[in-house]
Amino acid sequence: MKATIKINPDKVIAKIDPRIYSSFLEHMGRAIYTGIYEPGHPDADENGLRRDVLDLIAPLNLGCIRYPGGNFVSGYRWEDGVGPKEERPVRRELAWFSTETNEFGTNEFMDFCKKANVAPMMAVNLGTRGPQDAANLVEYCNVPSGTYYSDLRRSHGYEKPHDIKLWCLGNEMDGPWQICMKTAEEYGRIACETAKMMKWMDPSIELVLCGSSAKDMPTFGSWERTVLRHCYERADYLSLHQYYNDNDGDLPTFLARPTDMDAFIKEVAAICEEVRKEKNLDKQIYLSFDEWNVWFHYQKEGKRPPHWQQASPIEEEKYEFVDALVVAGMLNTLLKNSDRVKIACLAQLVNVIAPIMTVPGGGSYIQTIYHPFYAAAKYGRGSSVCAEIECPSYKCAISDSVPYLDASCVLSDEKDMLTLFLVNRSLTEAAETTITLPAAIRAQLAMMQQMTCDDLHRTNTIEDQPVAPVTLPELPDFENGSVTLFVPAASYQVIRFSLS
Ligand code: AHR
């Protein structure tokens, strides 16, 4: 097939918020225990944090990490996880039917954030708890001293406030699986009152309101409208969550899912606009896509972990090459919507539906999906700009016309580098692709990286990393404002131009 991509660096979609390269760590499975935290591990530091895992997290240069849940937060008593470890209670944890020892809590997470050089995105429990407990946690974390909770933090060895700026008002409160799920009216009211108290406690914080837990929830749309009507003035962001699967083995549809994510974002943004106009306000609510990924392999295998274990290995997805293509497409969608999406968390970070895996007491490694995330987080900084694609399209279960090629493009802040992230969704056909830049721009190809694989279902393991990008040794000339490249079937490319 033949394709053209016209890049126009002057057509700026938006400056990219670095927080779209964020992630998520929940008290779930082995994300925390034997994931990031394993005292006694040969690589553990003085806080029990695994250095080998920190080393794999560092290159991602994450904006923030959402914590402690997820569904876990809806039953969490944050006081259980602070203070002397030997006094912390062990509890049955009802989101994942595990045993929570509370050895790791808020302060340990903040130690981890410092080591990982990321900002925290802290969630409060609006399932079993409410406004007062949330405000207490803000007091514990953000008030310098001289009050009950701030002095309690100091007595726990943390003299300086943690100064946590970003907070989530609960998690997936529309989901029947959620501990103490709520109707939109119930959630809207409690979220509004909680937001009031949290911001009165610390006016410098920003708040994320729960949207629907997925686009296919029966209440999607009406939920957003209702909670925004209650909370528009108090919140700063509205959340979106979406995981895609290939349960039917329908790869063309699976690869088209980033188009569905795009429609989801646009629909939610339109609802925000509708409520903004209804209320006659200038203030914009931005979007926090705070859970996104591919997720289905573990469940498809029908694995059911036994209940009430500590850190049993649940939802340990083994990501395939094709999953990395879908993740690359989802990153393109986030970049193309960077005018609205300011925060996005790849869910999750370690062991549970994660790009990074560990062996208890042993090594660690990266999965296929790590690669597109790493490339976007490394080269996708600056402004998102328009890349117009003309190429053939295909029909699948979710659309009559899905373009085979999918791309996003980023202009660096210095305006000296332009990076194109390109996915070819065709499973059989390469694309002879002509990329053009406006005539006035002098450019040269600076780098081309390619990810292809002879087996779409290939995975990486601790022993073997067959799925990885390859930097092409020779670059074609960029002449008369264009270059023609051969884009292999089922591939991901990172193409960088230096501009002068
Ligand atoms: O990320 C795993 C789970 O998926 C989270 O706990 C929940 O919010 C979502 O349903």
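Every value quoted in this text rests on a predicted model; they were computed, and no experiment measured them.

## Section: the site of the ligand
Phase 1: Inspection of the region around the ligand gives 13 residues, with Glu 26, Asn 71, Glu 172, Tyr 243 and Glu 291 positioned closest.
Phase 2: Within the side chain of Glu 172, one N or O atom sits 2.7 Å away from an oxygen atom of the ligand.
Phase 3: Burial of the ligand by the protein amounts to 95% of the accessible area it has alone, namely 280 Å².
Phase 4: Broken down by class, the residue content of the shell around the ligand amounts to 6 nonpolar, 4 polar and 3 charged.

## Quick word on the pairing of strand E19 (residues 431-436)
Phase 1: A one-sided burial pattern is seen for E19, the buried positions being Ala 431, Thr 433 and Ile 435 and the unburied ones Glu 432, Thr 434 and Thr 436.
Phase 2: In the sheet, E19 pairs with strand E22 (residues 482-487) via 6 bridges, with the strands oriented antiparallel. Note on E22: the bridge partner recorded for Ala 431 is Val 487.

## Things to note about the environment of Lys 395
Phase 1: Along the chain, Lys 395 turns up in strand E15 (residues 393-396).
Phase 2: Spatially, the C-alpha atoms of Lys 395 and Arg 92 are 48 Å apart, while their sequence positions differ by 303 residues.

## Some words on the sheet that holds strand E7 (residues 166-169)
Phase 1: Pairing within the closed barrel is parallel, and its 8 strands lie in the order E2-E3-E6-E7-E8-E9-E10-E11. In this sheet, neighbouring strand axes are inclined to one another by 30° on average, regardless of whether the strands run parallel or antiparallel.
Phase 2: With 3 bridges joining them, strand E2 (residues 22-24) and strand E11 (residues 341-347) adopt parallel strand pairing. Of the residues in E11, the one forming a bridge with Ser 23 is Leu 346.
Phase 3: Contacting strand E3 (64-67) and strand E6 (119-124), helix H2 (residues 106-116) crosses the sheet at an angle of about 155° to E6.
Phase 4: Against the sheet, helix H5 (residues 184-201) touches E6, E7 and strand E8 (206-209), its axis set at about 155° to E7.

## Regarding helix H3 (residues 131-142)
Phase 1: Relative to the 16 Å expected for 12 residues at 1.5 Å per residue, H3 spans 16 Å between its end C-alpha atoms, a close match to the ideal helical length.
Phase 2: Here H3 lies mainly inside the structure; 9 of its 12 residues are buried.
Phase 3: Looking only at H3, the buried set comprises Ala 134, Ala 135, Asn 136, Leu 137, Val 138, Glu 139, Tyr 140, Cys 141 and Asn 142.
Phase 4: Looking at the buried residues of H3, the elements they touch are H2, E6, helix H4 (148-155), E7 and H5.

## Details of the packing of aromatic side chains
A ring pair, where both rings are aromatic, is described by two values, the distance of the centres and the angle of the planes.
Phase 1: Across all of its chains, the model carries 20 aromatic pairs by this definition.
Phase 2: Arranged with centres 4.9 Å apart and planes meeting at 40°, the rings of Phe 72 and Tyr 76 form a pair that is tilted. Here Phe 72 matches Tyr 76 in class, with each residue buried.
Phase 3: The ring of Phe 24 has Arg 66 lying over it, and the distance from NZ or CZ to the ring centre is 4.7 Å.

## Some remarks on the state of the cysteines
What is meant by a disulfide is a covalent connection between two cysteines, made through their sulfur atoms.
Phase 1: Under the criterion given, the structure shown has 0 disulfides.
Phase 2: In this structure Cys 396 is not part of a disulfide, and its nearest cysteine sulfur, from Cys 391, lies 14 Å away.
Phase 3: Overall, Cys 396 belongs to the buried group, its relative accessible area being 13%.
Phase 4: Between Cys 409, a free cysteine, and Cys 386, which holds the nearest cysteine sulfur, the sulfur-to-sulfur gap is 9.2 Å.
Phase 5: According to the relative accessible area criterion, Cys 409 is buried, its value standing at 0%.

Here is what the cut-offs are and how they apply
- Residues numbered from 1 in each chain as written.
- Predicted model: local features only at pLDDT ≥ 70, side-chain atom pairs only at ≥ 80, totals over all residues.
- Heavy atoms only, no water.
- Near = heavy atom within 4 Å.
- Polar contact = N/O pair within 3.5 Å; in protein donor to acceptor, adjacent residues only side chain to side chain.
- Areas by Shrake-Rupley, 256 points an atom, 1.4 Å probe, with all protein chains shown as cover.
- Nonpolar A, V, L, I, M, F, W, Y, C, P; charged D, E, K, R; others polar.
- Buried < 20%, exposed > 50% of the residue type's maximum accessible area, 1.4 Å probe, protein only.
- Helix = DSSP H or I, 4+ residues; strand = E, 2+ residues; numbered from the N terminus.
- Pairing = 2+ DSSP bridges.
- Axes fitted to C-alpha atoms, helices over the stretch in contact; angles between N-to-C directions.
- Contact = heavy atoms within 4.5 Å.
- Expected span 1.5 Å × (residues − 1).
- Phe/Tyr/Trp six-rings, centres within 6.5 Å; stacked < 30°, edge-to-face > 60°.
- Lys NZ or Arg CZ within 6 Å of the ring centre and 35° of its normal.
- Disulfide = S-S within 2.5 Å.

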